[in-house]
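Inside the fold
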Amino acid sequence: MAQADDNDIARRIAPTGTLRTAINYGNIVLAQKGPDGEPAGISADLARELGRRLKVPVSFTTYDTAGKVVDALNGPQTWDVAFLAIDPKRAQTIGFTPPYVVIEGAYMVPQGSALTRNDEVDRPGTRIAVGRNTAYDLYLARTLTSAERVFAPTSQAALDLFLRDRLDVVASVRQPLELYARDHADVRVLPGRFMVIEQAMAAPRGRDEAVAYLGRFIEEMKASGFVAAALARSGQHDAAVAPKSDVP
């Protein structure tokens, strides 16, 4: 990876001298709570490796939704790096690297539902439980023409809402839906996906040199096998390392 002056790039990425990192526990593919109570998983591993390279300490602030991570940029508990799905609305205030992991957005329905395909969901009268301001919520806001989104504050709460209010569909990341469906015969996950979710490293918009460095860092982490190994360590064997991207 092309090296900038270490002290200069560290100041640009972590201007306070500490790499303030936002971790979203709402996506179990990317982040889990470790046995010591500290963040674990691919997001935390990447942050710690970045801190090691920049020679700065890493601090974590945890959130239960991606929407709260985005909102934190406007509050006192801001961050230097985060791990979020690439989305055009978020890109208004956030700079993204190329993706490092690709995961799928999926639908789950009651076992007796007449719905069998993803393209059948967007119909009048269909109610979809969804975590507000998640990547899949933002995508559905742009693409749905007839179905209705019914909001919950988090993805877990969306699943609870779907079950409690007997909604038609719940939208989420595929892995937690399949995990739930495996133990509950009254629901099933529709085959395929309704969207591809590209997970990237992020920094506040305006830090162009920082984002460029982070992009090169992410590409090296993919090419070296670091991302694949981190996913395997955290048990996320179904998540795919994103393809190589060209970065300057």
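The paragraphs below set out a description of the structure included in this document. What you see as residue numbers is a count from 1 along each chain, following the sequence as written. The model is predicted, so local features are restricted to residues of pLDDT at least 70 and side-chain atom pairs to those at 80 or more, both for listing and for counting; the totals for chains, interfaces and linings are taken over all residues. Neither water nor hydrogens contribute to the side-chain values; these are computed over all heavy atoms in the structure.

1. Concerning the overall build of the chain
Our working rule: Comment: elements are numbered from the N terminus, with helices defined as DSSP H or I runs of at least four residues and strands as E runs of at least two. Note that the radius of gyration is over C-alpha atoms, with the globule rule given as 2.2 Å times the number of residues to the power 0.38. Three exposure classes are used, based on accessible area relative to the maximum for each residue type with a 1.4 Å probe and protein chains only: buried under 20%, partly exposed in between, and exposed over 50%. Whether two residues are in contact is decided by their heavy atoms: any pair within 4.5 Å suffices. Per-residue and other accessible areas were derived by the Shrake-Rupley procedure at a 1.4 Å probe size, with only the shown protein chains allowed to occlude residues. Under the counting rule used here, the positive set is Lys and Arg, the negative set is Asp and Glu, and His together with the chain ends is not counted. Here the site of a charge means NZ on Lys, CZ on Arg, CG on Asp, or CD on Glu.
Per the secondary structure count, the chain includes eight helices and twelve strands. Against the globule reference of 18 Å for 248 residues, the chain gives a C-alpha radius of gyration of 19 Å, in line with a compact fold. Across its three principal axes, the chain shows a C-alpha extent of roughly 60 × 35 × 35 Å. Taking all 248 residues of the chain together, 51% fall into the buried category. Residue pairs at least 24 apart in sequence account for 71% of intrachain contacts in the chain once pairs closer than 6 positions are excluded. Counting only carbon and sulfur atoms, one obtains 50% of the accessible surface of the chain, whose full area is about 11500 Å². Considering the chain, the positive charge centre built from 29 side chains and the negative charge centre built from 30 side chains are found 1 Å apart.

2. A closer look at the pairing of strand S1 (residues 19–24)
Put simply, the test is: One requirement defines pairing of two strands: DSSP has to find at least two bridges between them.
For S1, a buried count of five out of six residues is recorded, marking the element as mostly surrounded by other parts of the structure. Of the pairings in the sheet, the one linking S1 to strand S4 (residues 58–63) comprises six bridges and is parallel in character. Bridge assignment links Ala22 to a residue of S4, and that residue is Thr61.

3. Looking at the pattern of salt bridges
Just so we agree on the cut-off: Salt bridge, as used here, is a side-chain nitrogen of Lys or Arg placed within 4 Å of a carboxyl oxygen of Asp or Glu.
The full count for this structure, using the stated rule, is 21 salt bridges. For Asp8, the salt bridge goes to Arg11, with nearest N and O atoms at 3.7 Å. You can see Asp8 and its partner Arg11 sitting in helix H1 (residues 6–13), three residues apart, about one turn around the helix. The partly exposed category is assigned to Asp8, whose relative accessible area is 24%. A relative accessible area of 51% places Arg11 in the exposed class. In this structure, the salt-bridge partner of Arg149 is Asp137, at a minimum N-O distance of 2.5 Å. In this pair, Arg149 is assigned in strand S8 (residues 148–152) and Asp137 in helix H4 (residues 135–143), connecting sequence segments twelve residues apart. On the accessibility criterion, Arg149 (26% relative accessible area) is partly exposed. You can call Asp137 buried: its relative accessible area is 2%.

4. Details of the packing of helix H2 (residues 42–54) against helix H8 (residues 226–233)
Helix-helix packing is described using two parameters, namely the angle between the two axes and the distance between the axes. Worth spelling out the cut-off: Axis lines are fitted to C-alpha atoms, over the contacting stretch for helices. Their N-to-C directions set the angle, which ranges from 0 to 180 degrees. Throughout this description, any angle smaller than 35 degrees is read as roughly parallel, any larger than 145 degrees as roughly antiparallel, any in the 65 to 115 degree range as roughly perpendicular, and the remainder as oblique. For any pair of crossing helices, the crossing counts as left-handed if the nearer helix is rotated counterclockwise from the farther one by less than a right angle, and right-handed if it is rotated clockwise. Classification used: nonpolar for Ala, Val, Leu, Ile, Met, Phe, Trp, Tyr, Cys and Pro, charged for Asp, Glu, Lys and Arg, polar for all others including Gly.
Contact pair H2 / H8: the axes reach a minimum separation of 9 Å and the direction vectors enclose 135°. Overall, the two elements H2 and H8 adopt an arrangement that is oblique. Read as a crossing pair, H2 and H8 show a hand that is right-handed. For the pair H2 and H8, the contacting residues are Ile42, Asp45, Leu46 and Glu49 in the first and Phe226, Val227, Ala230, Leu231 and Arg233 in the second. Its residues placed into classes, the contact of H2 with H8 shows six nonpolar, no polar and three charged.

5. Observations regarding the nonpolar core
So the rule is basically this: Only buried Ala, Val, Leu, Ile, Met, Phe, Trp, Tyr and Cys residues count toward a nonpolar core, and they belong to the same one when joined by side-chain atoms within 4.5 Å.
Within the largest apolar cluster, 52 residues are counted, with the highest numbers of intra-cluster contacts made by Ile13, Leu50 and Tyr100. In terms of residue count, helix H7 (residues 208–223) provides more of this core than any other element does, seven residues in total. For Ile13, the residues in contact, after removing those within four places along its chain, are Leu19, Leu54, Asp80, Val81, Arg207, Ala210, Tyr213 and Leu214.

6. Some thoughts on the packing of H2 against H7
The geometry of H2 relative to H7 is characterised by a closest axis approach of 12 Å and an angle of 115° between their N-to-C directions. The hand of the H2/H7 crossing is right-handed. Every residue of H7 that contacts H2 at Leu46, Glu49, Leu50, Arg53 and Leu54 is listed here: Tyr213, Leu214, Phe217, Ile218, Glu220 and Met221. A breakdown of the residues in the contact of H2 with H7 according to their chemical character gives eight nonpolar, no polar and three charged.

7. Let's talk about empty space enclosed by the protein
Formally: Cavity means a closed set of points on a 1 Å grid over the protein atoms alone, one where a 1.4 Å probe fits but cannot get out, pocket means an open set with protein on both sides within 12 Å along at least 5 of 7 lines, and lining means a residue has an atom within 4 Å of a point. Grid points are joined across faces, edges and corners, and a volume is the space filled by probe spheres set on the points.
Within this structure, the stated rule accounts for one cavity of 30 Å³ or more. Of the volumes computed, that of the largest cavity is approximately 170 Å³. When residues of the lining of the largest cavity are traced back to their parent elements, those giving at least two are strand S5 (82–85), H4 and strand S11 (195–204). Per-element accounting of the lining of the largest cavity gives the leading share, three residues, to S5.

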